[in-house]
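Notes for the structure review
In case you want the letters, here they are:
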Amino acid sequence: MTTPHAGFDSSWLAAQKVAEEAAALGQDVVLARDLLGRSSLLIDDIQQKLPSDSPQLNKLRVQFAEATRPFTGVEPVQTAHSMFAPELFFDAPELTEVKPRADGVGRLCTLERTVVGTDWLQRDDDSATGTPGSRRNRRVALYGFKGGVGRSTATAVLARHLADLGRCVLVVDLDLESPGVSNLLSDEAGRPQHGIVDHLVEAAVSNADSLELVGRASLLNYHGNGEVFLAPACGLPLAGQPYNYLSKLNRIYTDLPATGESTSPRPFAVRLEQAVAACEDQVERLARRPDHVLLDSRAGIHDIAAVTLTRLSGLALLFAVDNPSTWEGYRMLLSEWQRRPDRARELRERIRIVGAMFHSAGDTERLGALRRHAYDLFMDTLYNLPDENEDEEEPFYSPDGDVDDAPYAAIPILFGNDLVGLDPLRSRRWPELPFVEAAYSKFTTAVERLLPEPHEDA
């Protein structure tokens, strides 16, 4: 009988055991996993070069390949000297340290090279993306695990509410695969020439300085001296020239190696932060510093959402519909954060659940049920961490009573059939319609209280 090969999970465990043995030889190692789940062992031999045909390496190659089959990398064992851009691996911000350096033992790290997932666990300190805390704290991520929950409409309504208060608001459409909020805020005549995708593509070749990335919202009426600017996902074609959005979109997620102008690699997270910062700078040149930046994020588990939630924003609004698929999805997400307690403790202080499309008529228990489901989720993940002080008083540990400030205390957005298929082009005053104001009033006032004060020079 043929012995079955290891599966995805067991192969990764076997790879880690071999990696530990390699690190015990004294050099730092990185255990990397590619898009297909195949593992490779990377050895940092910059200080002491290893000959490519050394018995030590040959033995490791055989051992590693046998342990990880069929999830073995094309080059099972590689050294830094043999790699084109080793800094993309050995200095990557996505590295997760498994074991630190010790006497005679090298450091062991893992690196997930995936389409999605790596940025969910990253720190959002200034060194990760270059985002100053003062900028990040003024950004609000609006995210839904599943699409079709009214996130983009809520973004537009919130932008108008803040503008009515005299605030300067920038809305950034980061739902790059399915742009939506742009159509609620501006018609084509009012949009800037370029979008977020253009910045990501042009900045990769140092050609982004002259891009027009923001424009005033042309479809949104507001009162007083507030302003709303839009940074769309997609730009506009120049006269007589094509605009191939898909070709650009297919190239934006690439991590770039260090260049002569940059001494460190440029992963996607850094490039996205630079695009958002460029939009903020343009608003300041056109008017004033944005008081609030609303990031309309892509739904689902995707790198854009990961970067937006964990690294670019201060407040993160998680849109939820009270059904099993929503809670299963958020459990997957929060369980990832649970793997890194330092990240989980920080993130749980700045996220809030939003009860999207909330049917409240005739059932006073619905909001309580939604909050209890969210509470159970938080307790199983973000409040079930190692080294927690169980005796310490925690205001978030009770789903009953006055919990309006707790992260699981869902902020409701009421649902109405008139909101389905809303066409802003038919009426530029749609946010002022009575059913819209009634649906979003609790949401806008609750979020307003969570935001920092506007700039003093506003």
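The structure contained in this document is the topic of the report that follows.

Definitions and limits used
Position numbers for residues count from 1 along each chain, tracking the sequence in the order it is written. Predicted model: local features are reported for residues with pLDDT of at least 70 only, side-chain atom pairs are reported and counted for 80 or more only, and whole-chain, interface and lining totals are derived from all residues. Side-chain measures here rest on the full set of heavy atoms in the structure, leaving out hydrogens and waters. The cut-offs for exposure are 20% and 50% of the maximum accessible area for each residue type, with area from a 1.4 Å probe on protein chains only; residues under the lower value are buried, those over the upper are exposed, and the others partly exposed. Helix and strand assignments follow DSSP, with helices taken as H or I runs no shorter than four residues and strands as E runs no shorter than two, numbered in order from the N terminus. Strands are labelled as partners when DSSP assigns at least two bridges between them. Multiplying 1.5 Å by the helix residue count minus one yields the expected span of that helix. This arc is built from the directions going out from the helix axis to the C-beta atoms. Here, residues are in contact when the closest pair of their heavy atoms is within 4.5 Å. Pairing of aromatic rings covers Phe, Tyr and Trp, the last counted by its six-membered ring, and requires centre-to-centre distances within 6.5 Å; plane angles under 30 degrees mean stacked, over 60 mean edge-to-face, and any other angle means tilted. Remark: a charge is flagged as sitting over a ring if the NZ atom of Lys or the CZ atom of Arg is within 6 Å of the ring centre and within 35 degrees of the ring normal.

1. So, the pairing of strand β6 (residues 139–144)
Most of β6 is tucked away: six of the six residues are buried. In β6, alternate side chains face the same way, and those of R139, A141 and Y143 on one face and V140, L142 and G144 on the other are all buried. The sheet contact formed by β6 and strand β10 (residues 292–297) spans four bridges and is parallel. What sits directly across from L142, in β10, is D296.

2. Thoughts on helix α12 (residues 324–338)
If you check α12, its first and last C-alpha atoms are 20 Å apart, about what 15 residues at 1.5 Å a residue would give, namely 21 Å. For α12, the full list of buried residues reads T326, W327, G329, Y330, L333, L334 and W337. Viewed end-on, α12 has its buried residues packed into an arc of 160°, placing them on one side of the element. Among the exposed residues of α12, those pointing more than 90 degrees away from its buried face are P324 and E328. On its buried face, α12 is in contact with β6, α11 (303–312), β11 (315–320), α13 (341–347), β12 (351–358) and α14 (366–380).

3. Quick look at the packing of aromatic side chains
Both the distance between ring centres and the angle between the ring planes are used here to describe each pair of aromatic rings. Under the criterion given, the structure shown has eight aromatic pairs. Ring geometry for Y253 versus F268: centroids 5.0 Å apart, planes at 55°, classification tilted. Here the residue Y253 occupies a position in the loop between α9 (245–249) and α10 (268–286), and F268 occupies one in helix α10, the gap between them amounting to 15 residues. A relative accessible area of 27% means that Y253 is categorised as partly exposed. Among the aromatic residues, ring-to-ring pairing joins Y143, F145 and Y330 into one connected group. In this structure, R33 is placed above the aromatic ring of W12, and the distance from its NZ or CZ to the ring centre is 4.0 Å.

4. Let's talk about the environment of V30
Among the structural elements, V30 can be located in strand β1 (residues 29–33). Judged by relative accessible area, which is 3%, V30 ranks as buried. Separated by 77 residues in sequence, V30 and R107 place their C-alpha atoms 8.2 Å apart. Discounting chain neighbours no more than four positions away, the residues touching V30 are S40, L41, L42, F89, F90, L95, C109 and L111.

5. Remarks on the pairing of strand β7 (residues 168–174)
By the criterion of burial, β7 is predominantly enclosed, with seven of the seven residues buried. Burial along β7 is two-sided: C168, L170, V172 and L174 facing one way and V169, V171 and D173 facing the other are all buried. The pairing of β7 with strand β9 (residues 227–231) spans five bridges and is classified as parallel. In the strand pairing of β9, V169 is matched with V228. As judged from the six bridges shared by β7 and β10, these two strands associate in the parallel manner. Bridging from a neighbouring strand, L174 pairs with S297 of β10.

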